[in-house]
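Read off the chains here:
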Amino acid sequence: MYNLSLPTTTSALAYGTAASTIRNATRRAPYTAAAPIVQALCNNFDQLGANLTFHQADGARFNVGGLAAGAMAELYDRQFSKLRGTAAIRSGIKNAAPNELCPYCGEGRVSELDHYLPKSLFAGTTVHPANLVPACHDCNFVKKAYKPGPSTPAVLHPYFDTAFTTPWLSASVEESSLNRPVIRFAVDPLGLDPHLAARLNAHLTVFDLRRRFSVWAAQSLTNFEDCLKADIGSSMSLNDAQRHLAFTALQQSGGRVNSWEGAAHKAMRASNWYLTEYLDLS
Ligand SMILES: [Zn+2]
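Residues numbered from 1 in each chain as written. Predicted model: local features only at pLDDT ≥ 70, side-chain atom pairs only at ≥ 80, totals over all residues. Heavy atoms only, no water.

What follows concerns the domain arrangement of the chain. Taken domain by domain, the chain consists of domain 1 (11-143) and domain 2 (163-278). Averaged C-alpha coordinates put domain 1 and domain 2 at centres separated by 35 Å. Across the boundary between the two partners, domain 1 contributes 14 residues, which contact 13 residues of domain 2. For the pair domain 1 and domain 2, the summed buried surface comes to about 1,000 Å²; carbon and sulfur atoms form 58% of the total. It is Tyr104, Glu107 and Val142 in domain 1 that bury the most area against domain 2; as a group they hold 41% of the surface buried on that side. On the surface where domain 1 and domain 2 come into contact, there are zero salt bridges. On inspection of domain 1 and its partner domain 2, the count reaches three residue pairs in polar contact (both at pLDDT 80 or more). The element contributing the most residues to the side of domain 1 that touches domain 2 is helix H6 (residues 137-143), with four residues. Taken together, the residues of the side of domain 1 that touches domain 2 sort by class into nine nonpolar, two polar and three charged. (Domains from an automatic or database assignment. Contact = heavy atoms within 4.5 Å. Buried area = accessible area lost by both parts, 1.4 Å probe. Salt bridge = Lys/Arg side-chain N within 4 Å of Asp/Glu carboxyl O. Polar contact = N/O pair within 3.5 Å; in protein donor to acceptor, adjacent residues only side chain to side chain. Helix = DSSP H or I, 4+ residues; strand = E, 2+ residues; numbered from the N terminus. Nonpolar A, V, L, I, M, F, W, Y, C, P; charged D, E, K, R; others polar.)

In this structure, Tyr15, Met72, Trp168, Phe185, Phe224 and Tyr274 are the most contacted members of the largest nonpolar core, which totals 85 residues. Domain assignment of the residues forming this core places at least three in each of domain 1 (11-143) and domain 2 (163-278). Discounting residues that sit within four places of it in the chain, Tyr15 has contacts with Tyr31, Ala34, Ala35, Val38, Leu67, Met72, Leu75 and Val127. (Core = buried A, V, L, I, M, F, W, Y, C linked by side-chain atoms within 4.5 Å. Buried < 20%, exposed > 50% of the residue type's maximum accessible area, 1.4 Å probe, protein only.)

Protein coordination at the zinc ion: the donors are Cys102 (SG), Cys105 (SG), Cys136 (SG) and Cys139 (SG), at 2.3 to 2.4 Å from the metal. Its four donor atoms give the zinc ion angles of 104 to 113° at the centre, a pattern that matches the tetrahedral case. Mapping the donors of the zinc ion onto the primary sequence yields the spacing C-x2-C-x30-C-x2-C. One end of the pair, Cys105, is in the loop between helix H5 (87-94) and strand E1 (110-115); the other, Cys139, is in helix H6, with 34 residues separating them in the sequence. Looking at Cys139, the relative accessible area reads 0%, which means it is buried. (Donors = N, O, S within 2.8 Å, 3.2 Å for Na, K, Ca; no water. Tetrahedral: all angles 85-135°; square planar, octahedral: opposite > 155°, others 65-115°.)

Before going further, it helps to examine unusual backbone geometry. Here Glu100, not a glycine, exhibits a phi torsion of approximately 60°, which is positive. Here Glu100 shows up in the loop between H5 and E1. Of note in this structure, Asp280 is not a glycine but carries a positive phi near 60°. Counting through the fold element by element, Asp280 comes out in the segment after helix H11 (272-278). Residue classification places Asp280 among the exposed residues on the basis of a relative accessible area of 61%.

In structure tokens, the structure reads:
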């Protein structure tokens, strides 16, 4: 999970370009007429983002007056997401993710654009670049049309949130019913504003990250066991193992404060049961 800079493409350019790809003048006219309304709604969105108040967004207020219901979704599906005229805008947003890593999970490969506020409920920001987040298929798929509201905290927005850079992801090694280690992930609420803690928990829940991180971390456990069985690791002492895990935590987090790799290896290093009982290190 990490943050990204806001796309440089303005909402006016994205909307204007998408509308200009409509060849039929009669079909295009209402979109052109609605441009000031769309602009105002995108400005509203930017304000919600700047204040981190997406839970106050009201879908009904994002309807575009003068356009038929479904017209904005049609603009996205038939024009913006497909045609060559908007390809540079789409790829500019998608390619902003470093190493093609999905900012929501920090692990999957970016393959699509997610509507942060779903297009089925917030018509006005359907082609607004600040509402389009490069995402992996798994994140986009499990998020579906999740809508922030009074009882559904907003997930982190990679363009606006700063909580990516303060540490809050924690992990612990637990013993499963099969006496195998399993790594569980949670939000460490220490020092966090309760509203932010609720949003972070929602982020983990909406993107199914507790389960996904745990599955990925299972591979880290297997890798470390294999490493201890290999020639180079067979003489590892408890001290060596702790040093190795601390180094791996640092190396694999790649500078991201809340990476699952970092949290998982820190948890492995900190677990007495795992190191001295399960792995029998001394
Ligand atoms: Zn993802």
